[in-house]
Amino acid sequence: MKQGKCPKCGSVNIYSAEDLPLKSGPFGSNSIPISLTAMAALDNYVCVDCGLVESYVAEEYMLKKISQKWKSVNDTADQKD
Ligand SMILES: [Zn+2]
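(A) Structural detail: the coordination of the zinc ion. Within the protein, Cys6 (SG), Cys9 (SG), Cys47 (SG) and Cys50 (SG) serve as the donor atoms for the zinc ion, at 2.3 to 2.4 Å. Coordination geometry of the zinc ion: the four donor atoms subtend angles of 106 to 114 degrees at the metal centre, consistent with an arrangement described as tetrahedral. Considered as a linear motif, the donors of the zinc ion on their single chain read C-x2-C-x37-C-x2-C. With Cys6 in the segment before β1 (14-16) and Cys50 in the loop between β3 (39-47) and β4 (53-57), the pair connects residues that are 44 residues apart, well separated along the chain. Take Cys6: its relative accessible area is 4%, and that puts it in the buried class.

So this is what it looks like as structure tokens:
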């Protein structure tokens, strides 16, 4: 969707507000918890034809933090697929 096309309905009417002030939302509603003390703000992309929303972590250093704090999905010993 970052490339401007909706994966669901194929529309090119995609909108985002990357420069939105307070984009982490009231009470951190537009963000995800990374650790006990860190929240990552999200950039949302919305298809105004079908309503699909896609969210991306906004700051690059938060992506790095996630890779340090979270468990990789592909790291598990008993991976099934
Ligand atoms: Zn759509």
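(B) Spotlight on unusual backbone geometry. Look at Phe27: it is not a glycine, yet its phi comes out positive at around 55 degrees. With respect to the helices and strands, Phe27 occurs in the loop between β1 and β2 (31-33).

(C) Spatial organisation of the environment of Pro33. For Pro33, the position within the fold is in strand β2. Along the sequence, Pro33 and Ile66 sit 33 residues apart, while their C-alpha atoms lie 9.7 Å from each other. When neighbours within four sequence positions are excluded, Pro33 is seen to be in contact with Ala38, Met39 and Trp70.

(D) Here's a closer look at the packing of aromatic side chains. Throughout the structure, instances matching the rule amount to one aromatic pair. Pairing Tyr45 with Tyr56 gives two aromatic rings, centres 5.4 Å apart and planes at 85 degrees, and the pair type is edge-to-face. Of the two residues, Tyr45 is situated in strand β3 and Tyr56 in strand β4; the sequence distance between them amounts to 11 residues. For Tyr45, a relative accessible area of 7% puts it in the buried group.

(E) Main features of the pairing of β4. Across five bridges, the pairing between β3 and β4 is antiparallel. Its bridge partner being in β4, Asp43 is matched across the sheet by Tyr56. Hairpin connection of β3 to β4: five residues between the antiparallel strands, including Gly51 at a positive phi of 90 degrees.

(F) Representation of the pairing of β3 within the structure. Of the pairings in the sheet, the one linking β1 to β3 comprises three bridges and is antiparallel in character. What sits directly across from Ser16, in β3, is Tyr45. In this structure, the hairpin formed by β2 and β3 is closed by a connection of five residues.

The rules behind the values
Residues numbered from 1 in each chain as written. Predicted model: local features only at pLDDT ≥ 70, side-chain atom pairs only at ≥ 80, totals over all residues. Heavy atoms only, no water. Donors = N, O, S within 2.8 Å, 3.2 Å for Na, K, Ca; no water. Tetrahedral: all angles 85-135°; square planar, octahedral: opposite > 155°, others 65-115°. Helix = DSSP H or I, 4+ residues; strand = E, 2+ residues; numbered from the N terminus. Buried < 20%, exposed > 50% of the residue type's maximum accessible area, 1.4 Å probe, protein only. Contact = heavy atoms within 4.5 Å. Phe/Tyr/Trp six-rings, centres within 6.5 Å; stacked < 30°, edge-to-face > 60°. Pairing = 2+ DSSP bridges.

Shape descriptors only; they carry no functional weight alone.
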